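# Analysis of the macromolecular model
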Amino acid sequence: MKLKFTLTSIVMITVLTSTLFVFADDEEHEEHESVATVGKTPGVASVDNEMYAKECSACHFAYQAGLLPKRSWEKLMTGLEDHFGENAELSIEMQAELTQYLAENAADNSLDKIPMKFMRGLSEAETPLRITEIPYMKREHREMSKQMVTENPDVKSLSYCDKCHTRAAVGSYSEREIKIPGFKNWDDD
Ligand code: HEC
Ligand code: HEC
């Protein structure tokens, strides 16, 4: 009886402390990472498919595959003829190749920092067609005013990540690299 109690306690304490360590580790990790990130490992793997970089950057920069789950890319790629009001249609062959590239590198197939954060808050029942609809994205951007985003002629909408995230093209979205056009540095206050 006594032995059983002790064992249970040991197990409980181990579980509790390892949980604490996981949390502590996560925070520490983030702090280090923001220092280490600049010029090194980006928050999300950068685009490494030439056809994608060319075909999907005519109207906005080529979003990294890790910014949406596989199911979202698959849905988006089947509706290119009516793509947010624009015609972005491709040949069947190109569409198939790009869908495969996006699916293989999608957020739910990635262990990078940003995709992991995106997936954590997204319910499996949801298939967002926009990166900007992902709960983590909404939360991170809610402090900005309309003047900074939709009413800002140099930004127009949150979809144009690279207008504010100066290193978005290489998959880096760290806070210290943000510059909202027409406003003082985000980091300065
Ligand atoms: C002819 C122009 C055009 C082309 C080509 C194009 N897009 Fe778009 N895309 C748009 C527009 C317009 C929006 C909506 C922007 C807005 O709401 O301000 C958009 C939005 C998106 C979004 C959602 C961004 C958000 O708000 O989170 C994704 C993802 C996307 N495009 C992926 C692609 C992919 C993948 C390709 C290549 C197959 C592609 N686009 C090619 C015009 C285009
Ligand atoms: C109008 C400027 C603007 C645009 C456009 C914008 N962002 Fe941001 N983003 C910000 C600001 C400001 C923050 C920091 C919020 C804060 O203080 O925490 C941020 C934070 C983030 C973060 C959190 C950074 C971290 O270290 O966790 C991510 C990820 C991110 N943005 C991705 C995106 C993506 C992807 C897009 C495009 C689909 C986008 N952003 C478009 C201004 C912008």
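This text goes with the structure placed above it.
Calculation notes
- Residues numbered from 1 in each chain as written.
- Chains lettered and ligands numbered in written order.
- Predicted model: local features only at pLDDT ≥ 70, side-chain atom pairs only at ≥ 80, totals over all residues.
- Heavy atoms only, no water.
- Donors = N, O, S within 2.8 Å, 3.2 Å for Na, K, Ca; no water.
- Tetrahedral: all angles 85-135°; square planar, octahedral: opposite > 155°, others 65-115°.
- Helix = DSSP H or I, 4+ residues; strand = E, 2+ residues; numbered from the N terminus.
- Buried < 20%, exposed > 50% of the residue type's maximum accessible area, 1.4 Å probe, protein only.
- Expected span 1.5 Å × (residues − 1).
- Contact = heavy atoms within 4.5 Å.
- Near = heavy atom within 4 Å.
- Polar contact = N/O pair within 3.5 Å; in protein donor to acceptor, adjacent residues only side chain to side chain.
- Nonpolar A, V, L, I, M, F, W, Y, C, P; charged D, E, K, R; others polar.
- Domains from an automatic or database assignment.
- Arc of directions from axis to C-beta.
- Core = buried A, V, L, I, M, F, W, Y, C linked by side-chain atoms within 4.5 Å.

Right, let's get into the coordination of the iron atom of ligand 2. Protein-derived ligands of the iron atom of ligand 2 are H141 (NE2) and H165 (NE2), with the metal-ligand distances lying across 1.9 to 2.0 Å. Because the angles between the six donor atoms bound to the iron atom of ligand 2 fall within 89 to 179°, the donor set is best described as octahedral. Placement of the pair is H141 in helix α6 (residues 135–141) and H165 in the segment after α6, with a sequence separation of 24 residues. Residue class for H165 comes out buried when judged on its relative accessible area of 12%.

On to helix α4 (residues 92–104). Under the 1.5 Å per step criterion, the end-to-end length of α4 is 18 Å for 13 residues, consistent within 8% with the ideal 18 Å. All of the buried residues in α4 are L98, T99, Y101, L102 and A103. Tucked inside the fold, the buried residues of α4 contact α2 (50–55) and α3 (70–77).

Now for the coordination of the iron atom of ligand 1. Each pair of donors in an ideal four-coordinate tetrahedral metal site encloses 109.5 degrees, whereas pairs in an ideal six-coordinate octahedral site enclose 90 or 180 degrees. Here the iron atom of ligand 1 is held by the protein donor atoms H60 (NE2) and H83 (NE2), which lie 1.9 to 2.0 Å from it. Each of the six donor atoms bound to the iron atom of ligand 1 contributes to angles spanning 88 to 179°, and the resulting shape is octahedral. Residue H60 is found in the loop between α2 and α3, and its partner H83 is found in the loop between α3 and α4; the two are separated by 23 residues along the sequence. Classification of H83 by relative accessible area gives buried; the value is 16%.

In the vicinity of ligand 2 lie 22 residues, with H141, C161, C164, H165 and W186 positioned nearest. Taking Y136, its side chain carries an N or O atom lying 2.8 Å from an oxygen atom of ligand 2. Between ligand 2 and E140 there is a distance of 3.5 Å, counted from an oxygen atom to a side-chain nitrogen or oxygen. Residue assignment for the shell around ligand 2 shows that the elements contributing at least two residues are α5 (113–120) and α6. Among the residues making up the shell around ligand 2, the classes are represented as 15 nonpolar, four polar and three charged. Taken domain by domain, the shell around ligand 2 gets at least three of its residues from each of domain 1 (44–132) and domain 2 (143–189).

Moving on: α5. For α5, every residue scored as buried is listed here: I114, P115, K117 and F118. Around the axis of α5, the buried residues are gathered within 160° of arc, so they sit on the same side.

What follows is about the site of ligand 1. In the vicinity of ligand 1, 22 residues are found, and the nearest of them are C56, C59, H60, H83 and S159. In this structure, H60 approaches ligand 1 through a side-chain N or O atom, which is 2.8 Å from a nitrogen atom. Between an oxygen atom of ligand 1 and a side-chain N or O atom of S157, the distance comes to 2.8 Å. With three residues, α3 is the single largest residue contributor to the shell around ligand 1. Among the residues making up the shell around ligand 1, the classes are represented as 14 nonpolar, six polar and two charged.

Attention now moves to the nonpolar core. Counting residues in each nonpolar core, the largest one holds 27 residues, and the members touching the most others are Y52, Y63, L67, W73, F118 and Y173. Looking at this core, the elements that each hand over two or more residues are α3, α4, α5 and α6. Residues lining this core come from more than one domain, with at least three contributed by each of domain 1 (44–132) and domain 2 (143–189). Listed in part, the seven residues of the second largest apolar core include V149, V155, I178 and I180.

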